[in-house]
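So you can see what is in the structure, the chains are spelled out below.
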Amino acid sequence: MTAKGFERHDHSQCIATALHQAESHCAAHKLQFTPVRRRVLEILLDRHRAMGAYEILDILAADGLGSQPPVAYRALDFLVQNGFAHRIERLNAYTACAHPEEDHVPAFLICRNCKAVAEAGTELEQGRLGKAAAEVGFTIERIVVEAEGLCPGCAGQAA
């Protein structure tokens, strides 16, 4: 899986595809894809960068979809639990999943300047950490891989 997030692409198609995948997944698993959950996913997909819950809440409030923090946090929790979004620990923020159709362990490339986030997959079982865990009988349940630097656009401006 290659990193996805910094390259140019058909943004409207990207959003439409991700929303369709989320709708299909929710229908197949009898989950409620409420208007607030859908709107939060749309916001994350549209911005293509890490966003804090309060930043998302401001947009929801402007849209008339709620102004209390639990509104945003519940929607974000749902999206993360179902693989439509990821929490970026380093930034205490969220980003839409770039590979919702694939079972993967994400690694994030975070631009320290513009906060753009690219998502790449890691191969836990074949990596050093996976081998070290297997050697001692440890079962990894969750892993967070985040790298901070400059995206191609910001690196080009700095040069």
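Being a predicted model, the structure only gives us computed values, none of them experimental. (Residues numbered from 1 in each chain as written. Predicted model: local features only at pLDDT ≥ 70, side-chain atom pairs only at ≥ 80, totals over all residues. Heavy atoms only, no water.)

A. Just the confidence of the model for the chain, in detail. The share of residues in the chain with pLDDT of 70 or more is 89%, and the mean pLDDT across the chain is 86. Mean pLDDT across the elements of the chain bottoms out in strand β4 (residues 117-122) (82) and peaks in helix α3 (residues 53-62) (96). (pLDDT = per-residue confidence, 0-100. Helix = DSSP H or I, 4+ residues; strand = E, 2+ residues; numbered from the N terminus.)

B. Quick peek at the packing of aromatic side chains. For the structure on display, the rule yields three aromatic pairs. Taking the centre distance of 6.4 Å and the plane angle of 45 degrees together, the rings of Phe78 and Phe84 count as tilted. Take Phe78 and Phe84: they sit in the same class, and that class is buried. Positioned above the aromatic ring of Phe78 is the side chain of Arg37, whose terminal nitrogen or guanidinium carbon lies 3.8 Å from the ring centre. (Phe/Tyr/Trp six-rings, centres within 6.5 Å; stacked < 30°, edge-to-face > 60°. Buried < 20%, exposed > 50% of the residue type's maximum accessible area, 1.4 Å probe, protein only. Lys NZ or Arg CZ within 6 Å of the ring centre and 35° of its normal.)

C. Representation of the UniProt feature "binding site: Fe cation" (unreviewed entry) in the chain within the structure. When the UniProt feature table is mapped onto this chain, "binding site: Fe cation" (unreviewed entry) is found at Asp103. Turning to its location among the elements, Asp103 is positioned in the loop between β2 (93-96) and β3 (105-111). By relative accessible area, Asp103 is classed as exposed at 83%. (UniProt positions renumbered as here; feature names shortened; annotations may be inferred.)

D. Molecular detail of the side chain of His86. Residue position: His86 is located in strand β1 (residues 85-88). Overall, the relative accessible area of 13% leaves His86 in the buried class. Reaching out from His86, the side chain makes a polar contact with the side chain of Glu119 at a distance of 3.2 Å. Sequence-distant contacts of His86, defined by excluding residues within four places in its chain, comprise Val80, Ala93, Tyr94, Thr95, Cys97, His104, Pro106, Phe108 and Glu119. (Polar contact = N/O pair within 3.5 Å; in protein donor to acceptor, adjacent residues only side chain to side chain. Contact = heavy atoms within 4.5 Å.)

E. Examining the pattern of salt bridges more closely. Going through the model one piece at a time under the given rule, you end up with eight salt bridges. Here Arg47 makes a salt bridge to Asp46, at a shortest N to O gap of 2.9 Å. Among the residues examined, Arg47 registers a relative accessible area of 30% and is labelled partly exposed. Note that Arg87 and Glu89 form a salt bridge whose closest N and O atoms lie 2.7 Å from each other. Residue classification places Arg87 among the partly exposed residues on the basis of a relative accessible area of 30%. Residue class for Glu89 comes out partly exposed when judged on its relative accessible area of 30%. (Salt bridge = Lys/Arg side-chain N within 4 Å of Asp/Glu carboxyl O.)

F. The pairing of β4, seen in detail. Of the strand pairs in this sheet, β3 and β4 are connected by six bridges, and their pairing is antiparallel. For Pro106, the partnering residue across the bridge sits in β4 and is Gly121. In sequence, β3 turns back onto β4 through a hairpin of five residues, with Lys115 there showing a positive phi of about 70 degrees. (Pairing = 2+ DSSP bridges.)

G. Just α3, in detail. Ala53, Ile56, Leu57, Ile59 and Leu60 are the residues of α3 that are buried. The arc enclosing the buried residues of α3, seen along the axis, measures out at 160 degrees, which places them on a common side. Every exposed residue of α3 that faces more than 90 degrees away from the buried side is listed here: Asp58 and Ala62. Tucked into the core, α3 has its buried residues touching α2 (35-47) and α4 (69-81). A positive phi of about 75 degrees marks Gly64, the residue just after α3. (Arc of directions from axis to C-beta.)

H. Region of the structure containing the environment of Pro69. Within the element layout of this structure, Pro69 appears in helix α4. Along the primary structure Pro69 and Tyr54 are separated by 15 residues, whereas in three dimensions their C-alpha atoms are 7.1 Å apart. The contact partners of Pro69, leaving out residues within four places of it in the chain, are Tyr54 and Leu57.

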